[in-house]
Amino acid sequence: MTRPTSPSSSVPVPSRPTPSGMQRKLLSFSPLLSLRTLTLSLTSTPPALLLFSRSKKHSPSPCDEPYDPPFSAVPKSPAPKSKTRSPIGDKSPALHSDLPFDFRYSYSETDASVKPIGFREPPRFSPFGPGLLDRKWDGVSAPANVEVHRERDSEAWNSVLSDPLTEEEIEQLVERYRHDDCSRQINLGRGGVTHNMLDDIHNHWKRAEAVRIKCLGVPTLDMDSVCFHLEDKTGGKIIYRKINILLLYRGRSYDPKQRPVIPLMLWKPLAPIYPRLVQNVTKGLTLEETKEMRNRGLNSPALLKLTRNGVYVNVVARVREAFKTSEVVRLDCTHVGTSDCKKIGVKLRQCKFSPS
């Protein structure tokens with residue numbers, strides 16, 4: 001006999017609906033709701049209405065948003081610069097200098113009496129810049145526009161030198177500036193006494209009474225010319241000279257604020273074309289005699305072996321002494337550049353050696 005089942009046991013019990021993925025996200029972001037509110041919303045509210053009611057009632061709060069610092073680096077664009085254009089034809093005035101000599105690239109290595117036969121660049125291009133100097137560049141120099149008064153200029157420079165130094169003062173200056181570790185030093189190379197070197201000397205004279213000048217290369221063949229141009233172009237005084245080291249004194253009454261205006265050369269001008277140094281036939285000799293003399297010189301032993309950028313102070317004296325016993329003298333210039341060889345030849349030719 002079967003036992004009748006009760007009607008209540010046959011009625012299926014409704015299961016609790018499981019929340020969907022979207023509802024889980026919404027529930028996870030609502031920490032302030034109570035468990036009762038959650039139960040009622042799951043059992044009685046449809047999902048679509050739940051989304052609508054939550055988005056309408058609970059607006060996104062600052063706590064729900066990601067972390068955003070209160071002060072963030074905002075790049076500031078620079079303020080635009082106002083461009084002021086100069087009117088047409090408005091040019092700065094050309095620089096004027098009262099120095100009573102012609103401006104050249106090198107004063108000790110060029111001879112004003114020798115005229116060039118050509119130029120490697122147009123003479124209209126001034127190394128001082130276009131329109132920056134009131135002197136006209138002729139390819140070799142910029143002649144002075146003022147009249148030269150040597151007596152007046154010498155008096156002005158003598159007033160700057162003032163009283164001559166005593167022996168004790170000279171010894172103190174020599175001991176201070178003659179050493180190799182002197183910070184007030186200017187190196188004089190193959191260019192000799194150049195134009196821009198004059199400005200360097202005055203810059204050193206701002207803070208020092210004397211400047212040390214170390215000479216190397218071709219200019220050391222004629223140190224007398226180097227000393228003359230240094231004193232003549234700067235107004236200073238050579239107080240010490242030993243082999244290739246010079247000390248140039250500025251003077252007692254030197255005032256840096258009253259220094260002369262020295263316009264700078266912006267680039268080195270190309271050297272002009274001069275007549276040929278070595279002619280095919282030497283003056284006073286025939287062609288056969290010239291060839292014979294050259295062969296004798298090439299086969300003779302070298303008197304000196306010159307090095308690049310060396311000190312050639314004793315070369316002229318050695319050549320003059322050798323001419324007393326020999327008619328031809330040979331110098332070994334293997335390690336010297338071609339341009340330096342030509343300069344050495346020119347300087348030796350200018351030296352008037354006494355005949356044997």
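Residues numbered from 1 in each chain as written. Predicted model: local features only at pLDDT ≥ 70, side-chain atom pairs only at ≥ 80, totals over all residues. Heavy atoms only, no water.

**Examining the overall build of the chain**
Looking only at helices and strands, one finds 11 helices and eight strands in the chain. Scored against the burial criterion, the 356 residues of the chain give a buried share of 30%. Taking the intrachain contacts of the chain between residues at least 6 apart in sequence as the baseline, contacts between residues at least 24 apart amount to 76%. (Helix = DSSP H or I, 4+ residues; strand = E, 2+ residues; numbered from the N terminus. Buried < 20%, exposed > 50% of the residue type's maximum accessible area, 1.4 Å probe, protein only. Contact = heavy atoms within 4.5 Å.)

**Examining unusual backbone geometry**
Unusually for a residue other than glycine, Ile243 sits at a positive phi of about 55 degrees. Along the chain, the position of Ile243 falls in the loop between strand 5 (237-242) and strand 6 (245-249). The backbone of Asn309 sits at a positive phi, close to 55 degrees, despite the residue not being glycine. Locating Asn309 in the fold gives a position in the loop between strand 7 (304-305) and helix 10 (315-322). In this structure Asn309 comes out as partly exposed when scored by relative accessible area, which is 31%.

**Quick notes on the state of the cysteines**
In the structure shown here, the tally under the stated rule is zero disulfides. The thiol of Cys215 is unpaired, and the distance to the nearest cysteine sulfur, on Cys227, comes to 7.2 Å. Judged by its relative accessible area of 0%, Cys215 is buried. (Disulfide = S-S within 2.5 Å.)

**Brief notes about the side chain of Ser141**
Looking at the secondary structure, you find Ser141 in strand 2 (residues 141-142). Ser141 gets classed as buried once you look at its relative accessible area, which sits at 5%. Contacts of Ser141, omitting those with residues within four sequence positions, involve Asp102, Phe103, Arg104 and Lys136.

**Quick look at the sheet that holds strand 6**
If you walk across this open sheet you meet the four strands as 3-4-6-5, and the pairing is mixed. Two strands bound the open sheet, and with one partner strand each, they are strand 3 (185-188) and strand 5. Adjacent strand axes in the sheet meet at a mean angle of 25 degrees when their direction is disregarded. Note: strand 4 (residues 210-215) against strand 6, five bridges, orientation antiparallel. Across the sheet, Ile213 pairs through a bridge with Leu246, a residue of strand 6. The strands that helix 6 (residues 167-177) touches are strand 4, strand 5 and strand 6; relative to strand 6, the one it contacts most, it runs at about 125 degrees. Sheet strands in contact with helix 8 (residues 223-234) are strand 3, strand 4, strand 5 and strand 6, and its direction is about 155 degrees off that of strand 5. (Pairing = 2+ DSSP bridges. Axes fitted to C-alpha atoms, helices over the stretch in contact; angles between N-to-C directions.)

**A word on a nonpolar patch on the surface**
A cluster of nonpolar side chains, namely Phe125, Leu132, Leu266 and Trp267, defines an oily patch on the protein surface of about 400 Å² accessible area. Summarising the element assignment, Phe125 is placed in the loop between strand 1 (103-104) and strand 2. (Patch = residues over 30% accessible without salt bridge, like charges linked within 9 Å, V, L, I, M, F, W, Y side chains within 5 Å. Areas by Shrake-Rupley, 256 points an atom, 1.4 Å probe, with all protein chains shown as cover. Salt bridge = Lys/Arg side-chain N within 4 Å of Asp/Glu carboxyl O.)

**So, the confidence of the model for the chain**
Averaged over all residues, the pLDDT of the chain is 79; the fraction at 70 or higher stands at 72%. In the predicted structure, residues 4-10 sits below a pLDDT of 50 and forms zero contacts with residues beyond four places in sequence or in another chain. Every residue in residues 86-90 scores below 50 in pLDDT, and together they form zero contacts with partners more than four places removed in sequence or on other chains. (pLDDT = per-residue confidence, 0-100.)

**Side note on helix 11 (residues 338-350)**
With 13 residues, helix 11 extends 19 Å between its outermost C-alpha atoms, agreeing within 8% with the 18 Å of an ideal straight helix rising 1.5 Å per residue. For helix 11, the full list of buried residues reads Asp340, Ile344, Lys347 and Leu348. Projection of helix 11 onto a plane perpendicular to its axis shows the buried side chains occupying an angular sector of 100 degrees, all on one side. Facing away from the buried surface of helix 11 by more than 90 degrees, the exposed residues are Thr338, Lys342 and Arg349. (Expected span 1.5 Å × (residues − 1). Arc of directions from axis to C-beta.)

**Some words on the environment of Ile170**
The topology assignment puts Ile170 in helix 6. By relative accessible area, Ile170 is classed as partly exposed at 26%. Through-space distance from the C-alpha of Ile170 to that of Tyr249 is 9.6 Å; in sequence the pair is 79 residues apart.

**Re the pattern of salt bridges**
Using the criterion set out here, one finds 11 salt bridges in the structure. The partner of Arg178 in a salt bridge is Glu175, with the nearest N and O atoms 3.6 Å apart. A relative accessible area of 34% places Arg178 in the partly exposed class. Residues Asp340 and Arg190 are paired through a salt bridge, measuring 3.8 Å at the closest nitrogen-oxygen approach. Of the two residues, Asp340 sits in helix 11 while Arg190 sits in the loop between strand 3 and helix 7 (195-205), which places them 150 residues apart along the sequence.

**Focus: the packing of aromatic side chains**
Remark: the centre distance and the inter-plane angle together describe each pair of aromatic rings, the angle taken between the planes. Summed over the entire model, instances satisfying the criterion amount to five aromatic pairs. Between Phe128 and Trp137 the ring centres are 6.3 Å apart and the planes differ by 70 degrees, which places this aromatic pair in the edge-to-face class. Both residues of the pair, Phe128 and Trp137, count as buried. Centre to centre, the rings of Trp205 and Tyr254 are 5.4 Å apart; their planes meet at 70 degrees, and the pair counts as edge-to-face. Residue Trp205 is located in helix 7, and its partner Tyr254 is located in the loop between strand 6 and helix 9 (287-299); the two are separated by 49 residues in the primary sequence. The exposure classification of Trp205 matches that of Tyr254, with both residues buried. Three or more aromatic residues joined by ring pairs make a cluster, and in this case those are Phe101, Phe103, Tyr107, Phe128 and Trp137. Arg135 extends its terminal NZ or CZ atom over the ring of Phe103, reaching a point 3.9 Å from the ring centre. In this arrangement the basic side chain of Lys233 is found over the ring face of Phe101, its NZ or CZ atom lying 5.4 Å from the centre. (Phe/Tyr/Trp six-rings, centres within 6.5 Å; stacked < 30°, edge-to-face > 60°. Lys NZ or Arg CZ within 6 Å of the ring centre and 35° of its normal.)

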